[in-house]
Amino acid sequence: MNKLDRVPQKPTEEEGKKAEYVEPEAEIIDESPAVEEAPAFSIASEEDFVFAIDAAASELYDEESKLYYFPGESKMLGQKVVRTSEQMIIYYENLLSKFPIFSIEDGLNEEDWEGWQTMTKCLGTKMQLVGDDLFVTNKDYLAFGINNKICNAVLIKLNQIGTVSEAIDTLNLAFKYNYTPIIWKFQGLFQKISVFFIFEVVKMRYIKSCGFVVFKRIDNSNYYLLLWNHYCRIIS
């Protein structure tokens, strides 16, 4: 499989919240449905509540050894914990067998195309596999993924590719080949443009949001929910 020359992407904002080292991931996921106790939520079954994981596996990947290094797990166990691409896939299969995981984003390194092929073959019919670092909202990268049967969904970030027209090209390609597009919820100027994308251009089914660590993010999310409710009333 021919590789693509990748242009380095400059991070534009913190996407979530910092976390301390915690117990093994299975325990974290097992505790998460405690949100049911919150009075604002009523979760009756797995149809109402599922997990979507952004693994950001490129951050774990060691270029020299070609292995994925887990610093938190290593610290807890007192020994270095690394996994191959194959072991990463088994790791995800394990989680999928125990929990209602609907989606995994960036489950492998952005250059691990062969690993992504195997992962899509193993998990692609069972769950959503999203390319963010992998595709960087670039239609050429997405086309490469489509041709090599890699992933089944793509994250769309308007500020990642640079122009609205290029983002639309990537979206059109995703729709053409039945890849699910997911819009990244921007703030500020890009928030207005992404709203236009969601409600006027592509009628997005999913939005990816960041962690609610500051009031501004909660306020922005409430803004999206209001618009979504308004849109649903229009089409119902």
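This text gives an overview of the structure that appears in the document. (Residues numbered from 1 in each chain as written. Predicted model: local features only at pLDDT ≥ 70, side-chain atom pairs only at ≥ 80, totals over all residues. Heavy atoms only, no water.)

1. Looking at the pattern of salt bridges
So, step 1. Within the structure shown, the criterion is met by 3 salt bridges.
So, step 2. In this structure, the salt-bridge partner of Glu-63 is Lys-66, at a minimum N-O distance of 3.7 Å.
So, step 3. Classification of Glu-63 as partly exposed rests on a relative accessible area of 48%.
So, step 4. With a shortest N-O distance of 3.1 Å, Arg-83 and Glu-73 are connected by a salt bridge. Within this pair, whereas Arg-83 is found in strand S4 (residues 82-83), its partner Glu-73 is found in helix H2 (residues 71-77), the two being separated by 10 residues in sequence. (Salt bridge = Lys/Arg side-chain N within 4 Å of Asp/Glu carboxyl O. Buried < 20%, exposed > 50% of the residue type's maximum accessible area, 1.4 Å probe, protein only. Helix = DSSP H or I, 4+ residues; strand = E, 2+ residues; numbered from the N terminus.)

2. A look at the sheet that holds strand S3 (residues 67-69)
So, step 1. One open sheet holds the 3 strands; their spatial order is S2-S3-S4, and the pairing between them is antiparallel. Strands at the two margins of the open sheet, each flanked by one partner only, are strand S2 (61-62) and S4.
So, step 2. Pairing of S3 with S4 involves 2 bridges; the strand directions are antiparallel. Counterpart to Tyr-69 in the pairing with S4 is Val-82. (Pairing = 2+ DSSP bridges.)

3. Thoughts on the pairing of strand S8 (residues 180-184)
So, step 1. Within S8, 4 of the 5 residues are buried, which leaves the element mostly enclosed by the surrounding structure.
So, step 2. Summarising the sheet, strand S7 (residues 153-156) and S8 pair through 4 bridges and their orientation is parallel. Along S8, the bridge assignment pairs Ala-153 with Thr-180.

4. Re the nonpolar core
Across soluble globular proteins, nonpolar side chains show a tendency to be buried alongside one another.
So, step 1. Of all hydrophobic cores here, the largest spans 40 residues; its most connected members are Tyr-92, Trp-116, Met-119, Leu-129, Phe-135, Leu-142 and Cys-151.
So, step 2. Elements represented by at least two residues in this core include exactly helix H3 (85-98), strand S5 (101-105), helix H4 (113-123), helix H5 (139-147), S7, helix H6 (158-161) and helix H7 (164-176).
So, step 3. When residues of this core are assigned to their parent elements, the largest contribution, 5 residues, is made by H3.
So, step 4. Ignoring any residue separated from it by four or fewer positions in sequence, one finds Leu-142 in contact with Phe-135, Val-154, Thr-170, Leu-173, Ala-174 and Tyr-179.
So, step 5. Residues Val-130, Ala-153, Leu-155 and Trp-184 belong to the second largest nonpolar core, which totals 5 residues. (Core = buried A, V, L, I, M, F, W, Y, C linked by side-chain atoms within 4.5 Å. Contact = heavy atoms within 4.5 Å.)

Shape is all these values report; function is a separate question.
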